[in-house]
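Chain by chain, the residues run as shown.
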Amino acid sequence: MKSSHKKSNRMLIGAGIFLAVYLLASVIFGTVLIDKFSNESVPNGSFTHVTVWRNY
C-alpha cells in the first residue's frame, strides 16, 4: 500500500513540475512572438491605447 502512495505522489510531483515548466516556456515563447509581431505591424513605434471600463 505504501509503495503505491509513493508512486502516485512521485507522479503528481513530476506532473506538477512538467506543467510549471510547460507554462513558463509557453509564456516566454508567447511574449517573444507578441513582441516580434507587434514591432513589425506598428509603424514608427506609435500605437493607440484603448481603455475599457466595465461597471458590474
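Provided above is the structure to which this section pertains.
Rules behind the numbers
Residues numbered from 1 in each chain as written. Predicted model: local features only at pLDDT ≥ 70, side-chain atom pairs only at ≥ 80, totals over all residues. Heavy atoms only, no water. Helix = DSSP H or I, 4+ residues; strand = E, 2+ residues; numbered from the N terminus. Buried < 20%, exposed > 50% of the residue type's maximum accessible area, 1.4 Å probe, protein only. Areas by Shrake-Rupley, 256 points an atom, 1.4 Å probe, with all protein chains shown as cover. Phe/Tyr/Trp six-rings, centres within 6.5 Å; stacked < 30°, edge-to-face > 60°. Patch = residues over 30% accessible without salt bridge, like charges linked within 9 Å, V, L, I, M, F, W, Y side chains within 5 Å. Salt bridge = Lys/Arg side-chain N within 4 Å of Asp/Glu carboxyl O.

Undergrad: Whenever I open this one, the overall build of the protein confuses me. Can you help?
TA: Across its full length, the protein carries 1 helix and 0 strands. Within the protein, the fraction of its 56 residues that count as buried is 0%. Of the accessible surface of the protein, which amounts to about 5900 Å², a share of 68% is contributed by carbon and sulfur atoms.

Undergrad: What exactly am I supposed to notice about the packing of aromatic side chains here?
TA: Between two aromatic rings, the relevant description is the distance of the centres plus the angle of the planes. Inspection of every chain in the model, using the stated rule, returns 1 aromatic pair. A ring pair is formed by Phe 18 and Tyr 22, whose centres lie 6.1 Å apart and whose planes are at 20°; its orientation type is stacked. You can see Phe 18 and its partner Tyr 22 sitting in helix α1 (residues 2–41), 4 residues apart, about one turn around the helix. Accessibility classification places Phe 18 together with Tyr 22 in one group, the exposed group.

Undergrad: Mind showing me how you'd approach a nonpolar patch on the surface here?
TA: Taken together, the side chains of Ile 13, Ile 17 and Val 21 define a hydrophobic patch exposed on the protein surface, amounting to about 300 Å² of accessible area. Following the sequence through the fold, Ile 17 ends up in helix α1. Residue classification places Ile 17 among the exposed residues on the basis of a relative accessible area of 52%.

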